[in-house]
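# Breakdown of the fold
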Amino acid sequence: PMIYFVTPTYPRREQFPELMRLGQTLMHVKNLHWIVADDNKNCNPNLISLLKKFEIPLTVFASPMPEVYRKRDKQQVPRGVANRRAALSWIRNNAESGVLYFGDDDNTFDLDLFQEIRHTKKVSMFPVGLIGEFAVSAPVVKEGKVVGFFDSWPANRRFPVDMAGFAVSIEFLKLSPGAIMPFKVGFEEDVFLKSLGIRYEDIEPLADNCTKILVWHTQTVNKPIPTLRIVNEDTGTSINELIN
Ligand code: UGA
Ligand code: MN
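In this report, we go over the structure that sits alongside the text. Note that the coordinates shown come from a computational prediction; the quantities given were computed from them, not determined experimentally. (Residues numbered from 1 in each chain as written. Chains lettered and ligands numbered in written order. Predicted model: local features only at pLDDT ≥ 70, side-chain atom pairs only at ≥ 80, totals over all residues. Heavy atoms only, no water.)

Glancing now at the overall build of the protein. Counting its secondary structure elements, the protein contains 9 helices and 12 strands. Over its C-alpha trace the protein gives a radius of gyration of 20 Å, about what one expects of a compact globule, namely 18 Å for 244 residues. Along the first, second and third principal axes, the C-alpha set of the protein runs to 75 × 40 × 30 Å. Across the 244 residues that make up the protein, the buried fraction comes to 48%. Considering only residue pairs separated by 6 or more positions, the protein has 72% of its internal contacts joining residues 24 or more positions apart. Carbon and sulfur atoms provide 52% of the accessible area of the protein, an area that totals close to 13000 Å². (Helix = DSSP H or I, 4+ residues; strand = E, 2+ residues; numbered from the N terminus. Rg over C-alpha atoms; globule rule 2.2 N^0.38 Å. Buried < 20%, exposed > 50% of the residue type's maximum accessible area, 1.4 Å probe, protein only. Contact = heavy atoms within 4.5 Å. Areas by Shrake-Rupley, 256 points an atom, 1.4 Å probe, with all protein chains shown as cover.)

If you want it as structure tokens, here you go:
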């Protein structure tokens, strides 16, 4: 089965190195279709050139976050949701079967993960490293069945998991035409998984009954792009002042 690997990304100065590293991981995976959804008003031709270098089946689109959300305080911004929703509708229209996985542009993946998720029948789950205070978020498995979750932020969620901690069969996804990811910070995974109508007993635990970490929620220190002051050498006037 094909893996549809959905990567939300957004313009910032770390964007290209993050995607370079991720692309060089995905190059090693057979039967993978990479969907890169950029939180941008327009398609960025330089981004497309970078992604083409990896020579893997690729779909790129611009899927900007609605302005109402972008205006909010940083903590209240639903990151990557517009991108994933656009990718979900692309998959519903273009993929027959296979497996959906949400792989953010800054995470770190063990190549073994792909072999594990490829045969997902409904929804599979597995631990994610470097999540929250406990440093790991993982399903709790008893006699081969998921019976609960270990997560530093339960928040009354039925599925307290990270976006990188599950994979979904596309045939199963298509059984729920209304399944959607909400613009609800912190509850994106939980609401999406609930909308698929799964129960704990349906979950397929991977990674040796969820005892191995095959994906890490690594984060890069982000720095803002500085406002450059460009001065005209002849006149001494700042070009920024002329523009503003
Ligand atoms: C954590 C989870 O791992 C994400 O899956 C989840 O979307 C996010 O929290 C959230 O709910 O806010 P975290 O590392 O805190 O992720 O967030 P980022 O990596 O900054 O963003 C998640 C994804 O959205 C990334 O792929 C990023 O490129 C993208 N993003 C971020 C945008 O498309 N637009 C933005 O403005 C910010
Ligand atoms: Mn991240």
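Further notes follow.
Turning to the site of ligand 1, a few remarks are in order. Lining the immediate surroundings of ligand 1 are 17 residues, of which Pro8, Asp39, Arg79, Arg84 and Asp162 lie closest. Separating an oxygen atom of ligand 1 from a side-chain N or O atom of Asn83 is a distance of 3.0 Å. Note that an oxygen atom of ligand 1 is positioned 3.2 Å from one of the side-chain N or O atoms of Glu188. The protein chains hide 89% of the 680 Å² of surface that ligand 1 would expose on its own. Elements with a contribution of two residues or more to the shell around ligand 1: strand E1 (3-9) and helix H4 (81-94). Of the residues contributing to the shell around ligand 1, the split by class is 4 nonpolar, 5 polar and 8 charged. (Near = heavy atom within 4 Å. Polar contact = N/O pair within 3.5 Å; in protein donor to acceptor, adjacent residues only side chain to side chain. Nonpolar A, V, L, I, M, F, W, Y, C, P; charged D, E, K, R; others polar.)

Looking at the manganese ion (ligand 2), the protein donor atoms are Asp106 (OD) and Asp106 (OD), and they sit 2.2 to 2.7 Å from it. Take Asp106: it is sitting in the loop between strand E4 (99-102) and strand E5 (108-109). (Donors = N, O, S within 2.8 Å, 3.2 Å for Na, K, Ca; no water.)

Let's shift gears to the side chain of Glu204. Summarising the element assignment, Glu204 is placed in strand E11 (residues 203-205). Comment: no salt bridge for buried Glu204; closest opposite-charge side chain is Lys121, at 5.0 Å. Within the local environment of Glu204, its side chain forms a polar contact with the backbone nitrogen of Lys122, the two atoms lying 2.7 Å apart. Sequence-distant contacts of Glu204, that is, excluding residues within four places in its chain, are made with His119, Thr120, Lys121, Lys122, Val123, Ser124 and Met125. (Lys, Arg positive; Asp, Glu negative; His and termini not counted. Salt bridge = Lys/Arg side-chain N within 4 Å of Asp/Glu carboxyl O.)

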